[in-house]
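Examining the three-dimensional arrangement
Listed here are the chains, written in short residue letters.
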Amino acid sequence: MTVTVRFAPSPTGLIHIGNVRSALHNWLFALQHGGRFVLRFDDTDRERSRVEYMEAIERDLRWLGVEPHRIVRQSDRDGIYAAAADRLKAMGRLYPCYETADELERRRKRQLARGLPPIYDRAALSLTDEDRVHLEAEGRHPHWRFRLDGRPVTWIDLVRGEQTVDTASLSDPVLIRADGTWLYTLPSVVDDIDLGITHVIRGEDHVTNTGAQIEIFEALGGPVPTFAHTNLIATTTGEALSKRLGSLSVASLREAGYEPMTVASLAVLIGTSDEIHPWPDLPGLAAHMDLAHVSGSTARFDPHELDVLNARLVHALDYAAVEDRLAALGVNAGAGVDPAVFWEVVRPNLTRVAEAADWWRIVVEGPDRSPAGREAADPAFLAEARRLLPPEPWDETTWAAWTKAVGIATGRKGRELFLPLRLALTGRDHGPELKRLLPLIGWRRTSARLP
Ligand code: GLU
């Protein structure tokens, strides 16, 4: 049996970190088992589904390193849903109902008032052929419900352990709307069977659906996949993530300069008993992911954690991993500074790779802002420092030798000695170690930055 999983977004918006969690749980599970990953667009809602969102979702997944083995759209698969619906009708498991939304609502209120559970009373099951002819003559079109067995449906969930949903406590789900369009429930099951899905890993908002869906799997002759329902992600204030929270979309996180593995590591590891560690690649994260470690309570997503993790990841990136991106930022040989050495020197001070461009400008062209406090620096002190600049060649011992000589000549030490020099050379009061930065800046540029 080849493990086959699917990620099934509705293309009605951009995907966010919560969707990434689901996509990656599936992708990493496939990696762990040498399996296959299907991207299934649940686009049965024709009004709200958009091709642009499908393209954006594919782009976002590729950026994360997810390469689907197969991509399907539910809107292309009407025929197999209709065939499955016909089979269910022939078995008497799918039956026509004619109530309007208002009638159902009134019935629901009456049930609640009597202290009864507000489940569909199956009145349509007792309609005669004559009643139906009559209702259709009135211009009513039926919607179709799946007749549940009404029994405890049990499965062993890879996250939650043994689960039972008593389908007697549920309304028979509507599978086909009065306008003939599909609700999510049936196409999802038909596709899972047809695409050979062995594991359904999705959010815990689908636990109740699973009870009804297992009955549909069984009615259609299965097989029933293994299920895993993971906790959901909310904001730090407890608000559910939705497609409206644009700032947490994958696209905006990418534009903000986060590494894909920062987003992936956080999306997978929050709300688990595992330490949140920025894994350098997906196989590393896959080797570490265990669905049984997903916690029972909602995960809280704090965007600040992205900065912390991204910095840790960037600090560990080799030059080879960023060479092309640095070149695109203008960091390349030609300015008399070796970009590979430059990267080694600045990366411990970066939160995002793109910030290297600022330090490159500082090294090559000079301070890019007038620093507060620079004015306070004593020009006579800086002029003295310039006179004491050692001759080249420079290496990592130059800074210590130079500042020692300046200290002796001026009587300054500590911050008073070092800060004016840092400000004069970089325009910033903190940054990469000067003993490493100084040889990159070199004698000519250093001398030009001192009065
Ligand atoms: N389109 C459904 C959703 O986004 C898919 C759920 C599932 O994985 O079955 O919630």
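Remember, predicted model here, so these are calculated numbers, not experimental data.

On to the pairing of strand S1 (residues 4–7), then. Working note: regular strand, side chains alternate between the two faces of the sheet. Here S1 shows no split at all, with Thr4 and Arg6 on one side and Val5 and Phe7 on the other all buried. As paired strands, S1 and strand S2 (residues 36–41) are joined by four bridges and run parallel to one another. When the bridges of S2 are listed, Thr4 appears paired with Arg36. Regarding topology, helix H1 (residues 17–32) serves as the crossover connection from S1 to the parallel S2, and that connection is right-handed.

Side-chain alternation along strand S4 (residues 94–97) places Leu94 and Pro96 on one buried face and Tyr95 and Cys97 on a second face that is also buried. Here S4 runs beside strand S5 (residues 143–146); their pairing, made up of four bridges, is antiparallel. From the neighbouring strand, Tyr95 faces S5, where its bridge partner is Arg145.

Bringing the side chain of Asp60 into the picture now. Assignment of secondary structure puts Asp60 in helix H2 (residues 51–64). Overall, the relative accessible area of 1% leaves Asp60 in the buried class. For Asp60, the contacting residues outside a window of four places in its chain are Ile15, Val250, Ala251 and Arg254.

Surveying the vicinity of the ligand reveals the residues Arg6, Ala8, Ser10, Asp42, Tyr184, Ser188, Arg202 and His206. The contact in question runs from an oxygen atom of the ligand to an N or O atom on the side chain of Arg6, over 2.7 Å. Protein coverage of the free-state accessible area of the ligand, which is 300 Å², stands at 77%. Residue composition of the shell around the ligand, grouped by class: two nonpolar, three polar and three charged.

Okay, helix H6 (residues 185–194) next. In an α-helix, one turn spans 3.6 residues, which is why side chains three or four residues apart end up on the same side. Most of H6 is tucked away, with eight of its ten residues classed as buried. Within H6, burial applies to Thr185, Leu186, Pro187, Ser188, Val189, Val190, Asp191 and Asp192. On the buried face of H6, the contacting elements are S1, S2, helix H3 (78–90), strand S8 (174–176), strand S9 (199–203) and helix H7 (207–219). Of the residues trailing H6, Gly196 is marked for its positive phi of about 70°.

Right, let's get into the nonpolar core. Counting 48 residues, the largest nonpolar core has Phe7, Leu24, Leu28, Leu61, Leu282, Leu285 and Phe301 as its most contacted members. Among the elements that take part in this core, H1 stands out by supplying eight residues, more than any other. What Phe7 contacts, discounting residues up to four positions off in sequence, is Ile15, Asn19, Ser22, Ala23, Phe37, Val38, Leu39, Arg40, Ile57 and Leu61. Grouped together as the second largest cluster of nonpolar side chains are 36 residues, Val322, Trp360, Ala424 and Leu438 included.

What counts, and where the lines are drawn
- Residues numbered from 1 in each chain as written.
- Predicted model: local features only at pLDDT ≥ 70, side-chain atom pairs only at ≥ 80, totals over all residues.
- Heavy atoms only, no water.
- Buried < 20%, exposed > 50% of the residue type's maximum accessible area, 1.4 Å probe, protein only.
- Helix = DSSP H or I, 4+ residues; strand = E, 2+ residues; numbered from the N terminus.
- Pairing = 2+ DSSP bridges.
- Right-handed = clockwise from strand over helix to strand, strands pointing away.
- Contact = heavy atoms within 4.5 Å.
- Near = heavy atom within 4 Å.
- Polar contact = N/O pair within 3.5 Å; in protein donor to acceptor, adjacent residues only side chain to side chain.
- Areas by Shrake-Rupley, 256 points an atom, 1.4 Å probe, with all protein chains shown as cover.
- Nonpolar A, V, L, I, M, F, W, Y, C, P; charged D, E, K, R; others polar.
- Core = buried A, V, L, I, M, F, W, Y, C linked by side-chain atoms within 4.5 Å.

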